[in-house]
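As a plain string of letters, each chain reads:
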Amino acid sequence: MREELKIDNDQATKEMLENEEYKYGFVTDVDQDVFPVGLNENVIREISKRKEEPEWLLKFRLNAYKKWLKMKEPNWAKLKVEKIDYNSMSYFATPKERPESLDDIDPEILETYDKLGIPLEEQKMLEGVAVDAVFDSVSLVTTFKDKLAELGIIFCSFSEAVKDHESLIKKYLGRVIPASDNYFAALNAAVFTDGSFVYVPKGVRCPMELSTYFRINAENTGQFERTLIIADEGSHVSYLEGCTAPKRSTSQLHAACVELLAHDDATIKYSTIQNWYPGDKNGKGGIYNFVTKRGNCVGKNSRISWTQVETGSAVTWKYPSCILTGDNSVGEFYSVALTNNWQQADTGTKMIHLGKNTKSTIVSKGISAGQGQNTYRGLVQVSENAQDARNYTQCDSILIGDKCGAHTFPYIEIKNPSAQLEHEATTSKVGEDQIFYCQQRGMSEEDALSLIVNGFCKEVFKELPFEFAVEAERLLSVSLEGSVG
Amino acid sequence: MLEIKNLHANIEDKKILKGLNLSIGKGEVHSIMGPNGSGKSTLASILAGKEDYEITDGDILFNGESILEMSPEERAQEGIFLAFQYPIEIPGVSNSYFLREALNSIRKSKGEDPLKPVEFIKLAKEKIKHLKMDESLLNRSLNEGFSGGEKKRNEILQMSILNPCMSILDETDSGLDIDALQIVANGVNAHKDANRSFLVITHYQRLLNYIVPDFVHVLVGGVIVKSGDKSLALELESKGYSWLEN
């Protein structure tokens, strides 16, 4: 079946009113500049021109586009996805008035972020968290920029980085995820519009959480952001991204790329709370989330840690991975993925051990409810030179009801006999006796379910920065609403 | 306080309770004894509101109101507590978090403000000291990796914190050594007062040396065949149940 990604405003509004569970499903009414639908070389040239990009970047885009045209959508994931018509969506949407400072931002947009719990005015900012906010294709504002600059930390939108720190972008863009890496990464490389850039200089420990908030607002557009984080020798940074989108009766595509690079003794901690619109109870609408995230521990003793809480999106396809190049480097992946109603997730990680004494840890928690299908797919690869590599994998699934599914595909490729790998996997059902026990102590059925599922996810939540762990617990409870009784 | 009238109940068309009558007044301790399969645990589950059973006749009144249409959590909020024969494990959820959620659910139903974590910990530590239990019990995952005795003691701790007026103990003594039995019994006795009632379900007279019942009932084949005072328990201990059957 083929569903056109078409505009149907009245229908979308009606469904918004009928379907109250997803509280971020509102639309912000701002004057937007949106490209006509369709994708071709001219669209890419126009994006590049609007962003006043240097010639080499346009070439990077066009090169990626040519490769993309020859590639095929991957079909190995355990996902049923309606055919995406890449010529029926727009590749660029921006509020017409470009803000110069916070005072110039359309009050409607400020209100949007306020509703999302992300006040942009610095005085109201969550203590110790710097925020970059991406609204559709354009990054609006980065708070705390000056304070960070004193330490030499660069935290800005990708577009700004291209202008102000061109040499860094030129050096690192596409180094971890080459433009031709996979179908969606190539598409992203061709049409990416904005995202965040972070550079932490040698020996600097970033004193606050860096955070980006992504918001899809315009209808009928895809969102293609690109994030690049470089941690120089001995530096340390913790970064968090959050995502929401309005409710639409048609599906929208989100194909992002995130590249991380850690030099000697550097640590990058990357946390995601993904709450894109998951579609309605009948599986209509929702975000198609096809994301490529990869980090390279190029330096000795470096560490990259991914923590993700995936509760949104109709379809999730992502495998945040670590290439452990440097000796003694460490890769970690902590994941909670929840699928309710008709949501599908195929997610996991790749740990590629290249250096000596490299270590990786994988903890994956899949929760399936309703008709949801949840797949863990992971690869642990140990190369010939990776002497004494270690991996620990724990992969747990929990089922709520009898119409959902949990699937596990662990792949292991070992070329060095000194490797030591451990793999543990469990699948369980939320027991009626557990729910009854909680009810007998005075809790409602839904509170009981949320308590049990949060307990199941505890090992992952404890990896999140504290404020976000609280948010993750709350989000999980909301996402489970209606899955019992 | 609790009045069970002519209760008939089935599970999957099998008749378990066949016209059970029982009346428990304020501050009274009643004990139900009986052979395996006589319906003791079924009665406990039905009082707590477990859905697996079909009530075909009769009624259960709690403080004069029928509770048959009430959900398990509504019954708990009204003050009915069941100490489980086999307490359930919930991995990743600490005992203290679970208890605070439970207590705050009950407080909320009464229109009271929730207890803050600090206030709750203070209360829990008081209770735990009073019951001569180990504080580390609070920080462990709910019942996970607990020994049989620890699980049963934890049920009593929960009772003491949630402060119900009608406590049902379903074979809380089974699997306990004599020291654990004493701790459990002390917990119950400390909770006992003029407004709180107990229904103690047990196989053995032993427990009743520590928790002295006002009434003892014998349940056989889904009905109460004999009632008496605590001396009945001693009689059962020496004579068994067979003389009461058929």
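Just so we're clear, the structure is a prediction, and the values are computed from it rather than from any experiment.

What counts as what
- Residue indices begin from 1 for each chain and proceed along its sequence in written order.
- Written order decides the labels, with chains lettered from A and ligands numbered from 1.
- In keeping with the model being predicted, local features are shown solely for residues with a pLDDT of at least 70 and side-chain atom pairs are shown and tallied solely at 80 or more, while totals for entire chains, interfaces and linings include all residues.
- Values reported for side chains reflect all heavy atoms of the structure, with hydrogen atoms and water molecules removed beforehand.
- By the criteria applied, helices consist of DSSP H or I runs no shorter than four residues and strands consist of E runs no shorter than two, each listed in order from the N terminus.
- We take the radius of gyration over the C-alpha atoms and set the globule estimate at 2.2 Å times the residue count to the 0.38 power.
- Contacts were defined at the residue level, with two residues in contact if any of their heavy atoms lie within 4.5 Å.
- Here the Shrake-Rupley method, with its probe set to 1.4 Å, supplies the accessible areas, and only the displayed protein chains count as covering residues.
- A positive count includes Lys and Arg, and a negative count includes Asp and Glu. His and the chain ends are not counted in either.
- For the purpose of locating charges, the reference atoms are NZ of Lys, CZ of Arg, CG of Asp and CD of Glu.
- When accessible area is computed with a 1.4 Å probe and restricted to protein chains, residues below 20% of their type maximum are described as buried, those above 50% as exposed, and intermediate ones as partly exposed.
- Centres within 6.5 Å make a pair out of two Phe, Tyr or Trp rings, where for Trp the six-membered ring is used; the pair is then stacked when the planes are under 30 degrees apart, edge-to-face when over 60, and tilted otherwise.
- Fitted lines through C-alpha atoms serve as axes, helices being fitted only where they are in contact, and the angles separating the N-to-C directions of these axes extend from 0 to 180 degrees.
- In this scheme, a crossing is called left-handed if the near helix is turned counterclockwise away from the far one by less than a right angle; it is called right-handed if the turn is clockwise.
- Under the grouping applied here, Gly and all other residues not named as nonpolar or charged are polar, the nonpolar ones being Ala, Val, Leu, Ile, Met, Phe, Trp, Tyr, Cys and Pro and the charged ones Asp, Glu, Lys and Arg.
- Among the buried residues, those of types Ala, Val, Leu, Ile, Met, Phe, Trp, Tyr and Cys that are joined through side-chain atoms within 4.5 Å form a nonpolar core.
- Two strands qualify as a pair provided DSSP detects at least 2 bridges between them.
- By salt bridge we mean one thing: a side-chain nitrogen of Lys or Arg within 4 Å of a carboxyl oxygen of Asp or Glu.
- Every angle not falling under 35 degrees, over 145, or within 65 to 115 is termed oblique; those three ranges are roughly parallel, roughly antiparallel and roughly perpendicular.
- Note that patches include only residues with greater than 30% relative accessible area and no salt bridge, and the join distances are 9 Å for like charges and 5 Å for nonpolar side chains (Val, Leu, Ile, Met, Phe, Trp, Tyr).
- Here's the idea: put two parts together, see how much 1.4 Å probe accessible area each one loses, and the total over both is what we call buried area.

(A) Spatial organisation of the overall build of chain B. Each helix and strand counted, chain B has seven helices and twelve strands in total. Since a compact globule built from 246 residues should have a radius of gyration of about 18 Å, the 18 Å found for chain B is in line with a globular shape. At a minimum sequence separation of 6, the contacts of chain B that also span at least 24 residues come to 69%. Roughly 11,100 Å² of accessible area belongs to chain B as shown, and the carbon and sulfur atoms make up 45% of that amount. Taking the average location of the 28 positive side-chain charges in chain B and that of its 36 negative ones, the two points are 5 Å from each other.

(B) Broad picture of the overall build of chain A. Helices and strands together make up the secondary structure of chain A, namely twelve helices and 23 strands. For chain A, buried positions account for 64% of its 485 residues. Nonlocal contacts in chain A, meaning residues at least 24 apart in sequence, comprise 84% of its contacts between residues at least 6 apart. In the form shown here, chain A has an accessible surface area of approximately 18,900 Å², with 47% of it arising from carbon and sulfur atoms.

(C) Quick peek at the packing of aromatic side chains. All names here are of chain A. Following the criterion strictly, the structure yields 20 aromatic pairs over all chains and no others. Geometrically, the ring pair formed by Trp68 and Tyr183 is tilted, given 5.4 Å between the ring centres and 40° between the ring planes. Of this pair, Trp68 sits in helix H3 (residues 55–70) while Tyr183 sits in helix H8 (residues 183–191), and the two are 115 residues apart along the sequence. Tyr183 shares its class with Trp68; the two are buried. Consider the rings of Trp76 and Tyr319, whose centres lie 5.6 Å apart with planes at 50°: the pair is tilted. Of this pair, Trp76 sits in the loop between H3 and strand E2 (93–95) while Tyr319 sits in the loop between strand E15 (315–318) and strand E16 (321–324), placing them 243 residues apart in sequence. On the basis of relative accessibility, which here comes to 11%, the residue Tyr319 falls in the buried class. Here a set of aromatic residues connected by ring pairs shows up, and it is made of Tyr65, Trp68, Trp76, Tyr86, Tyr183, Phe184, Tyr288, Phe290, Trp317 and Tyr319.

(D) Region of interest: the packing of helix H3 (residues 95–109) of chain B against helix H5 (residues 148–162) of chain B. All names here are of chain B. It is at 10 Å that the axes of H3 and H5 come closest, and there the two elements cross at 35°. Considering how the two elements wind past one another, H3 and H5 form a crossing that is right-handed. Residues Asn95, Phe98, Leu99, Ala102, Leu103 and Ile106 of H3 touch H5, and the partners they reach there are Asn154, Gln158, Ile161 and Leu162. Here the residues of the contact of H3 with H5 sort into seven nonpolar, three polar and no charged.

(E) Highlighting the nonpolar core. Counting 109 residues, the largest nonpolar core has A:Ile367, B:Ile4, B:Leu43, B:Phe98, B:Met166, B:Ile168 and B:Leu199 as its most contacted members. Core analysis: the next-biggest nonpolar cluster, separate from the first, contains 56 residues, A:Trp56, A:Ile84, A:Phe192 and A:Phe197 among them.

(F) The arrangement of the sheet that holds strand E11 (residues 215–220) of chain B in detail. All names here are of chain B. Pairing in this open sheet of six strands is mixed, and the strands run E6-E9-E10-E3-E11-E12 from one edge to the other. Looking at strand neighbours, the two that pair on one side only are strand E6 (80–83) and strand E12 (223–228), the edges of this open sheet. Averaged over all pairs of adjacent strands, the angle between their axes in this sheet comes to 20°, without regard to strand direction. Here strand E9 (residues 166–170) pairs with strand E10 (residues 197–201) via five bridges, running parallel. Within E10, the position partnered with Ser167 by the bridge is Phe198. Helix-sheet contacts for helix H7 (residues 230–239) involve strand E3 (29–33), E11 and E12, and the interaxial angle to E11 is about 45°.

(G) Looking closely at the pairing of E16(A). All names here are of chain A. Neither face of E16 is left uncovered, since the one carrying Ser321 and Ile323 and the one carrying Cys322 and Leu324 both have all their residues buried. Here four bridges tie strand E13 (residues 286–297) to E16, and the two strands are oriented parallel to one another. Residue pairing for E16: Gly295 is matched across the bridge by Cys322.

(H) Region of interest: the pattern of salt bridges. Residues and elements named next belong to chain A. Enumeration according to the criterion identifies 23 salt bridges over all chains in this entry. Note that Glu259 and Arg226 form a salt bridge whose closest N and O atoms lie 3.0 Å from each other. Residue Glu259 is found in strand E11 (residues 257–262), and its partner Arg226 is found in strand E8 (residues 226–231); the two are separated by 33 residues along the sequence. There is no split in this pair, since Glu259 and Arg226 are both buried. Close ionic contact of Asp396 with Lys365 constitutes a salt bridge, the shortest N to O distance being 2.9 Å. With a gap of 31 residues between them, Asp396 in strand E21 (residues 390–399) and Lys365 in strand E19 (residues 359–368) connect regions that are remote in the sequence. Lys365 carries the same exposure label as Asp396, and that label is buried.

(I) Seen up close, the packing of helix H2 (residues 41–50) of chain A against H3(A). Residue and element names in this part refer to chain A. It is the contact of H2 with H3, at a shortest axis distance of 10 Å, that shows an interaxial angle of 155°. Put simply, H2 runs roughly antiparallel to H3. In terms of crossing hand, the pair formed by H2 and H3 is right-handed. Where H2 approaches H3, its residues Glu41, Ile44, Arg45, Ile47 and Ser48 are matched on the opposing element by Leu58, Arg61, Leu62, Tyr65 and Lys66. When the residues that make up the contact of H2 with H3 are grouped by side-chain class, the tally is five nonpolar, one polar and four charged.

(J) Representation of the sheet that holds strand E2 (residues 14–24) of chain B within the structure. Residue and element names in this part refer to chain B. Strand order in the open sheet formed by four strands is E2-E1-E4-E5, and the pairing between neighbours is antiparallel. Only two strands of the sheet have a single partner each, and these edge strands are E2 and strand E5 (65–66). Pairing analysis gives seven bridges linking strand E1 (residues 2–11) to strand E4 (residues 54–62), with the strands arranged antiparallel. If you follow His8 over to E4, its bridge partner there is Asp57. Contacts from helix H1 (residues 40–48) reach E1, E2 and E4, with the element oriented near 110° to E1.

(K) Looking closely at a negative patch on the surface. Taken together, the side chains of A:Glu432, A:Asp433, A:Glu445, A:Glu446, A:Asp447, A:Glu481 and B:Glu51 present a region of like negative charge at the surface. Listing elements by their share of the negative patch, those giving two or more residues are helix H9 (432–440) and helix H10 (445–456) of chain A. Examining the composition of the negative patch, we find that three residues originate from one element, H10(A), more than from any other.

(L) Broad picture of the interface of chain A and chain B. Between chain A and chain B, the contact holds 18 residues from the first and 31 residues from the second. Contact between chain A and chain B buries roughly 2,000 Å² in total, counting both sides, with carbon and sulfur atoms accounting for 65%. The tally of links from chain A across to chain B stands at one salt bridge. Between A:Arg441 and B:Glu155 there is a salt bridge; the shortest N-O distance is 2.6 Å. Considering each element in turn, the side of chain A that touches chain B owes the most residues, seven residues, to H9(A).

(M) A look at the pairing of strand E20 (residues 373–382) of chain A. All names here are of chain A. Counting buried positions over the ten residues of E20 gives eight, a clear majority of the element. Relative to strand E22 (residues 405–414), E20 is paired through ten bridges, and the arrangement is parallel. Counterpart to Tyr376 in the pairing with E22 is Thr408.

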